[in-house]
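Okay, here's what each chain looks like letter by letter:
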Amino acid sequence: MTDPLDFSGKTVLVVGGSSGIGNGIAQNFLARGADVHITGTRAAAGDYEGVDGSNLEGLHYKQLDVTDRAALDAYTIPSDRLDAVVLSQGIVLYDQREYGRDGWDNVMDVNINSVMDCARLFHPALREAKGALIILNSIASFNAMVGNPAYAASKAGSASLTKSLAQAWARDGIRVNGIAPGFVETKMTTVVTKDEKRSAGALRMIPLHRYGTPDEMAGVAMFLASPMSAYVVGQTIIADGGLTL
């Protein structure tokens, strides 16, 4: 029986795959046989050496600022055929900075504008492969975040965009779905996970009483890229240990 999670001969691109959840997803696809390409903001792969949550071994790296539309237009797609594209780029700003115009615009550019720009860019290759587009949304897609209005609004928009693209591109043979992580231990969540008081409060709200891992988010991504999810379209799968219950 063929293993549906064997990605040998498949090409996968993870935008924002240089660290955190994106890196965990990239490494898991690699371990399952895929040829994996990633992007990040630093000039070279070696610039991530020693960075916590970053393992670029075996991955094809290319620098890409997703907010630079000229750079996106000039980006060379690694293959004429992309079997799966994971859009895992994302930022959050703390200390009320998202209430200012600059902070708001910065978060929106990365978390929602670049998602549409990337989806548009990779659409032809995904159509050729009848591939999967997977968008990293968030539980913030469905909840208020008083300290992070831009993050919450951008992730709500991203979840809605997931549905709209799924409906529009199903006719092209592209399945578009999303993942909504809860608290996953990455550099983006250290403001909570590394603060003893905040961490204790967060863990009390999670029925599993622990944080998620990038590898666990990768399991959802591989499911969504595999034949096992062949009839799943336009969904954002919540992977939060029960936090939103």
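Let me begin by describing the structure that accompanies this report. Keep in mind the model is a prediction, meaning the values are calculated, not measured.

So, the layout of surface pockets
Counted as a void, the second largest pocket has a volume near 260 Å³. Lining the second largest pocket are 17 residues, and of these Lys10, Asp83, Ala225, Ser226 and Pro227 sit closest to its centre. Residue classes in the lining of the second largest pocket are distributed as eight nonpolar, three polar and six charged.

Things to note about the sheet that holds strand β7 (residues 236–239)
Spatial ordering of the open sheet is given by β3-β2-β1-β4-β5-β6-β7, a layout of seven strands whose pairing is parallel. Strands at the two margins of the open sheet, each flanked by one partner only, are β3 (60–63) and β7. Pairs of neighbouring strands in the sheet enclose a mean axial angle of 20°, with direction left out of account. Pairing of strand β1 (residues 11–15) with strand β2 (residues 35–40), which is carried by four bridges, proceeds in the parallel orientation. Across the sheet, the residue bridging to Leu13 is His37, located in β2. Taken strand by strand, helix α7 (residues 214–225) contacts β4 (84–87), β5 (132–136), β6 (175–181) and β7, and its axis lies near 165° from that of β6.

Reading the values: rules and limits
- Residues numbered from 1 in each chain as written.
- Predicted model: local features only at pLDDT ≥ 70, side-chain atom pairs only at ≥ 80, totals over all residues.
- Heavy atoms only, no water.
- 1 Å grid on protein atoms, 1.4 Å probe; cavity = no way out; pocket = protein on both sides within 12 Å on 5 of 7 lines; lining within 4 Å.
- Points joined across faces, edges and corners; volume = space filled by probe spheres on them.
- Nonpolar A, V, L, I, M, F, W, Y, C, P; charged D, E, K, R; others polar.
- Pairing = 2+ DSSP bridges.
- Helix = DSSP H or I, 4+ residues; strand = E, 2+ residues; numbered from the N terminus.
- Axes fitted to C-alpha atoms, helices over the stretch in contact; angles between N-to-C directions.
- Contact = heavy atoms within 4.5 Å.

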